[in-house]
Amino acid sequence: EAGVTQSPTHLIKTRGQQATLRCSPISGHTSVYWYQQALGLGLQFLLWYDEGEERNRGNFPPRFSGRQFPNYSSELNVNALELEDSALYLCASSLDSWLGTEAFFGQGTRLTVV
Amino acid sequence: GESVGLHLPTLSVQEGDNSIINCAYSNSASDYFIWYKQESGKGPQFIIDIRSNMDKRQGQRVTVLLNKTVKHLSLQIAATQPGDSAVYFCAVPRPPYNQGGKLIFGQGTELSVKP
């Protein structure tokens with residue numbers, strides 16, 4: 001069974017551009033979570049999608065947005081990129097809304113803003 | 001606000017020794033705790049979890065201990081192997097749980113295993 005897959009693996013953008021990151025959850029999982037892992041920091045919660053809707057977001061500006069498609073895959077968009085957006089962006093999926101069940105992470109997308 | 005902290009950012013052990021990684025949390029209402037392992041270039045991998053109605057839970061070579069009195073949990077790895085080298089995170093769901101997604105991660109402890 002395929003795990004959580006993310007694309008691209010690496011992404012280099014210049015300041016002010018937009019980045020789009022993609023995530024395919026494990027088959028059967030309806031909840032998708034996005035986390036940012038900046039160098040030297042822990043994982044910071046970004047967004048949670050479930051059944052096609054945004055259910056919760058972390059303390060990030062509105063230029064971080066996303067959506068979940070009918071097949072439960074998800075997209076994270078970061079507009080007006082800033083240097084400090086450089087980080088590893090991790091997607092995770094789970095069967096339910098993380099009320100105590102295992103969540104599986106993808107390999108991440110390394111975003112570099114220059 | 002909610003916080004989760006690890007006591008040591010790095011830990012170096014000899015192959016074959018036991019490793020202990022510690023974590024403290026701030027919210028006494030927290031009732032579920034997870035340990036993740038993140039190897040270089042990979043996403044976090046679930047290791048073991050524990051609920052607050054337990055003090056101890058064992059897996060394969062790993063044991064998690066929970067002390068609710070002092071809001072502390074630890075991950076013990078028996079007979080540490082080179083393949084255990086990774087960054088270890090403790091994570092705590094932030095209530096209210098019906099909001100989901102807000103898994104609060106500690107900063108991580110980097111475990112290095114010397115052959």
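Residues numbered from 1 in each chain as written. Chains lettered and ligands numbered in written order. Predicted model: local features only at pLDDT ≥ 70, side-chain atom pairs only at ≥ 80, totals over all residues. Heavy atoms only, no water.

The next thing to look at is the overall build of chain B. Secondary structure assignment for chain B yields zero helices and eleven strands. Reading the secondary structure of chain B in the N-to-C direction produces β-β-β-β-β-β-β-β-β-β-β. In chain B, which comprises 115 residues, the proportion classed as buried is 45%. Excluding contacts between residues fewer than 6 apart, the proportion of contacts in chain B whose partners are at least 24 apart in sequence is 54%. For chain B, the exposed surface amounts to about 5500 Å²; the carbon and sulfur share of it is 46%. (Helix = DSSP H or I, 4+ residues; strand = E, 2+ residues; numbered from the N terminus. Buried < 20%, exposed > 50% of the residue type's maximum accessible area, 1.4 Å probe, protein only. Contact = heavy atoms within 4.5 Å. Areas by Shrake-Rupley, 256 points an atom, 1.4 Å probe, with all protein chains shown as cover.)

Quick look at the packing of aromatic side chains now. Across all of its chains, the model carries eleven aromatic pairs over all chains by this definition. Ring geometry for Phe105(A) against Tyr36(B): centres 5.4 Å apart, planes inclined by 90 degrees, an arrangement best described as edge-to-face. Of the two residues, Phe105(A) is situated in strand 10 (residues 104-105) and Tyr36(B) in strand 4 (residues 32-38); the pairing between them involves two chains. Measuring from ring centre to ring centre gives 4.6 Å for Tyr25(B) and Phe33(B), while their planes differ by 50 degrees; the resulting arrangement is tilted. Take Tyr25(B): its relative accessible area is 6%, and that puts it in the buried class. (Phe/Tyr/Trp six-rings, centres within 6.5 Å; stacked < 30°, edge-to-face > 60°.)

Here the focus is the layout of surface pockets. Estimates place the volume of the largest pocket at around 600 Å³. For the largest pocket, the lining is made up of 27 residues, of which Gln37(A), Leu39(A), Arg110(A), Gln38(B) and Val87(B) are closest to its centre. Listing elements by their share of the lining of the largest pocket, those giving two or more residues are strand 11 (109-113) of chain A together with strand 9 (86-93) and strand 11 (109-114) of chain B. Broken down by class, the residue content of the lining of the largest pocket amounts to nine nonpolar, 14 polar and four charged. (1 Å grid on protein atoms, 1.4 Å probe; cavity = no way out; pocket = protein on both sides within 12 Å on 5 of 7 lines; lining within 4 Å. Points joined across faces, edges and corners; volume = space filled by probe spheres on them. Nonpolar A, V, L, I, M, F, W, Y, C, P; charged D, E, K, R; others polar.)

Right, let's get into the nonpolar core. All names here are of chain B. In this structure, Trp35, Leu73 and Leu75 are the most contacted members of the largest nonpolar core, which totals 23 residues. For this core, the elements supplying multiple residues, two or more each, are strand 2 (10-14), strand 3 (19-25), strand 4, strand 5 (45-51), strand 7 (62-67), strand 8 (72-77), strand 9 and strand 11. Top contributing element to this core by residue count: strand 9, with four residues. What leucine 73 contacts, discounting residues up to four positions off in sequence, is Ile21, Asn22, Cys23, Tyr25, Phe33, Trp35, Val64, Leu65 and Leu66. (Core = buried A, V, L, I, M, F, W, Y, C linked by side-chain atoms within 4.5 Å.)

All right, on to the state of the cysteines then. Enumeration over the complete set of coordinates arrives at two disulfides over all chains. Covalently, Cys23(A) is tied to Cys91(A) through a disulfide, its sulfur atoms 1.8 Å apart. Around the S-S axis, the bridge from Cys23(A) to Cys91(A) shows a dihedral of about -60 degrees and counts as left-handed. Taken as a pair, Cys23(A) in strand 3 (residues 19-24) and Cys91(A) in strand 9 (residues 87-94) lie far apart in primary sequence, 68 residues in all. Overall, the relative accessible area of 0% leaves Cys91(A) in the buried class. Between Cys23(B) and Cys90(B) runs a disulfide, and the two sulfur atoms are separated by 1.7 Å. The sign of the 50 degrees torsion about the S-S bond sets the Cys23(B)-Cys90(B) disulfide as right-handed. Placement of the pair is Cys23(B) in strand 3 and Cys90(B) in strand 9, with a sequence separation of 67 residues. Both residues of the pair, Cys23(B) and Cys90(B), count as buried. (Disulfide = S-S within 2.5 Å.)

Residues and elements named next belong to chain A. With respect to topology, four strands assemble into an open sheet ordered 1-3-8-7, the strand pairing being antiparallel. Each having just a single partner strand, strand 1 (5-7) and strand 7 (64-68) make up the two edges of the open sheet. Within the sheet, the average angular offset between the axes of one strand and its neighbour, ignoring direction, is 20 degrees. One ladder, built from five bridges, connects strand 3 with strand 8 (residues 74-78); its direction is antiparallel. Following the sheet pairing, leucine 21 is matched in strand 8 by leucine 76. (Pairing = 2+ DSSP bridges. Axes fitted to C-alpha atoms, helices over the stretch in contact; angles between N-to-C directions.)

What follows concerns the pairing of strand 4 (residues 31-37) of chain A. All names here are of chain A. Of all seven residues that make up strand 4, seven are buried, and the element is covered over most of its length. With burial as the criterion, each face of strand 4 is covered, one bearing Ser31, Tyr33, Tyr35 and Gln37 and the other bearing Val32, Trp34 and Gln36. With seven bridges connecting them, strand 4 and strand 5 (residues 43-50) associate as antiparallel partners. Each bridged residue has a counterpart across the sheet, and for tryptophan 34 the counterpart in strand 5 is leucine 47. Counted along the chain from strand 4 to the antiparallel partner strand 5, the turn is five residues long, and its residue glycine 40 has a positive phi close to 80 degrees. Here strand 4 runs beside strand 9; their pairing, made up of seven bridges, is antiparallel. Within strand 9, the position partnered with tyrosine 33 by the bridge is alanine 92.

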